[in-house]
Amino acid sequence: MRGRGHRRGPPRNVFRQLQGQRRVTCVRSMRRRSEGGRAIGRVSERIERWTGGGDKGYGAEFARAYDEGLRDLWRRDTNELGKILLCRAENKLESTTRLVQELNQAKAFPANKLGYQDYKGMVELREAVSRYANRHICKSARMEPEDLMVSAGCGVVLENCFFCFCDYGDACLVPAPYYGQFGRDLGMRAGVEIVKVHPSSASADRFGKLSVEDLQAAYTPKCKVLLLTNPHNPLGIVHSKADLIAVLRWAQSLDLHVISDEIYACSVYKNKDDFVSLADLVSELELPDEHWVQTHCHTVFGFSKDFGASGLRIGALHSKNSAIVHAWNALGYSCAISSSCQWDFAAVLGKDEFVADFLAENARCLAQASEKLTSALQQAGIPFVGEPSAGLFLFIDLRGLLEDNSFDAERKLWSRLVSRGVVLNPGQSCGMKTPGYFRLCFAWMSGKFGRPSECCHCKSPITDSFPSYFRLRPILPAGRRRAHRFSSLTQRWFGFF
């Protein structure tokens, strides 16, 4: 007998309902299997939105194509029908191998660095980054160590910035096309929406050109930040100083934060003097509101691209906003770089002669690889946007291969390319409103995959074997090709027999 004060449990029918739900959940879980036979657990809707790709994104489909490509990578002598990955923005040209030799010579690691370090980055690294930036990024401005924050990659640096500047549901203006993972960097944790800024003209020569009129047309009161990419990803161009000045004055009039993502600042391989860092620009302009300059202008840069060292995870933020510097003591906790990596890379950056030679040689390699690819594309009649002079990519125009003028047709073309072993970044993932454009990265598949090319340092299967590769792999089935005519060489590339 239970005492009078004993509380009765839930009725039996509740247990039956719970057991039934559990059985259904178990059955669903058991049915959801990956190709490897492992059960796939359930995740939250918010993370499913980013990992699953949503209704419009490529998400899991792109990740699967990329992973399969890594397992079956093209090699000239042993795997000519392997996958060609043109989607990864990493620099693996021959010039970047020198960095490994320098890292292997790093000085002994001190015992006092085994403990917690400053979450903004250890002093030795911030001093080395300051010296590097003042020599190779800035022309007149000075980036002082106390104004630098160093964390595990530029993606998380941007994410932390948006935690500082925005509340959940705020928005950021981003000129399109843009780096396809900005949506994740801004939205996945910080909850910031991208407002795409499209050019008023659909002409390709307007892509990437900064315009106050276009920014004003896209602006809403929700917008708190303007995010620029200079040099540009995916176009590979450098913004003009005049355009930057006009945009900066406009942003000041609306009290917007301006973030300049300059992760390719030292990968300018043509007309290097055309590049102007935001840090230089605000120091030269003498804008009337000095407080806005101090608190609202921020520069992001790193070493993943310019040094071919994305695995080291070193990204930096320069800002004179003391509130951000203070906030980084909390934000930096979960994205700090290991102290051993910081120590070793600070030693490498301290070798001024090596860094200068490394960057100069890398620029030569990028220039040679870009020139060889653009010449091949021009010969084949495949258009690309603008006159690339920086970065690791071109934005190519394959609209003539679409079945119709839609993003569904772009996705079908992308899928056909994947099925034939070629993985590109589709324009839709870069925020385009016109289908048919694709980002092509030319510096990732390096000489270790094939014989030396005619360029002494730039060995790549992309320009050497692209034509013969596509001759073996027709893209569109007969009868479903658009009337657009490419050159005879391009027709061979894409299976127009």
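Further up the page is the structure itself.
Residues numbered from 1 in each chain as written. Predicted model: local features only at pLDDT ≥ 70, side-chain atom pairs only at ≥ 80, totals over all residues. Heavy atoms only, no water.

A. Up close: the overall build of the chain. Scanning the chain from terminus to terminus reveals 17 helices and 12 strands. For the chain, buried positions account for 53% of its 497 residues. In the chain, the share of contacts with a sequence separation of at least 24, taken over all contacts with a separation of at least 6, comes to 75%. Accessible area of the chain: about 23800 Å², with a carbon and sulfur share of 49%. (Helix = DSSP H or I, 4+ residues; strand = E, 2+ residues; numbered from the N terminus. Buried < 20%, exposed > 50% of the residue type's maximum accessible area, 1.4 Å probe, protein only. Contact = heavy atoms within 4.5 Å. Areas by Shrake-Rupley, 256 points an atom, 1.4 Å probe, with all protein chains shown as cover.)

B. The arrangement of unusual backbone geometry in detail. For the bond from Ala176 to Pro177, the omega torsion is 0°, close enough to zero to count as cis. With respect to the helices, strands and loops of the structure, Pro177 is situated in the loop between β3 (171-175) and α7 (182-187). Phi at Asp255 takes a positive value of approximately 60°, unusual for a residue other than glycine. Tracing the chain through its elements places Asp255 in the loop between α9 (241-253) and β6 (257-261). Within the chain, Arg313 stands out as a residue other than glycine whose phi angle is a positive 60°. Inspection of the secondary structure puts Arg313 in the loop between β7 (297-302) and β8 (315-319).

C. Inspection of the nonpolar core at higher detail. Phe162, Ile259, Ile396, Leu424 and Phe442 are the most contacted members of the largest nonpolar core, which has 71 residues in total. When residues in this core are grouped by element, the largest group, eight residues, is from helix α14 (residues 352-380). In this structure, Leu424 is in contact with Phe62, Leu86, Cys87, Ile396, Leu398, Trp414, Leu417, Phe438, Arg439 and Leu440, ignoring residues within four places of it in sequence. In terms of nonpolar packing, the next biggest core, distinct from the first, is built from 37 residues, Leu99, Ile337, Phe345 and Val348 among them. (Core = buried A, V, L, I, M, F, W, Y, C linked by side-chain atoms within 4.5 Å.)

D. Up close: the environment of Met122. Position of Met122 relative to the elements: it lies in the loop between α4 (98-103) and α5 (123-136). In this structure the C-alpha to C-alpha distance between Met122 and Trp343, which are 221 residues apart in sequence, comes to 8.2 Å. Beyond its immediate sequence surroundings of up to four residues, Met122 is in contact with Lys113, Gln117, Ser339, Gln342 and Trp343.

E. Here's a closer look at the sheet that holds strand β9 (residues 393-397). Spatially, three strands are ordered β9-β12-β11 in an open sheet, and the strand pairing comes out antiparallel. Edge strands, defined here as strands with exactly one partner in the open sheet, are β9 and β11 (425-426). Sheet analysis places β11 next to strand β12 (residues 437-441), joined by two bridges and oriented antiparallel. When the sheet's bridge partners are listed, Pro426 is paired in β12 with Phe438. (Pairing = 2+ DSSP bridges.)

F. Examining the sheet that holds β3 more closely. Strand order in the open sheet formed by seven strands is β2-β8-β7-β6-β5-β3-β4, and the pairing between neighbours is mixed. Edge positions in the sheet fall to β2 (148-151) and β4 (193-197), since each of these pairs with one other strand and no more. Each strand of the sheet is rotated relative to its neighbour by a mean of 25°, with strand direction disregarded. Pairing of β3 with strand β5 (residues 223-229), which is carried by three bridges, proceeds in the parallel orientation. Across the sheet, Cys172 pairs through a bridge with Val225, a residue of β5. Contacts between α5 and the sheet are confined to β2, β7 and β8, with β2 contributing the most and set at about 110° to the helix. (Axes fitted to C-alpha atoms, helices over the stretch in contact; angles between N-to-C directions.)

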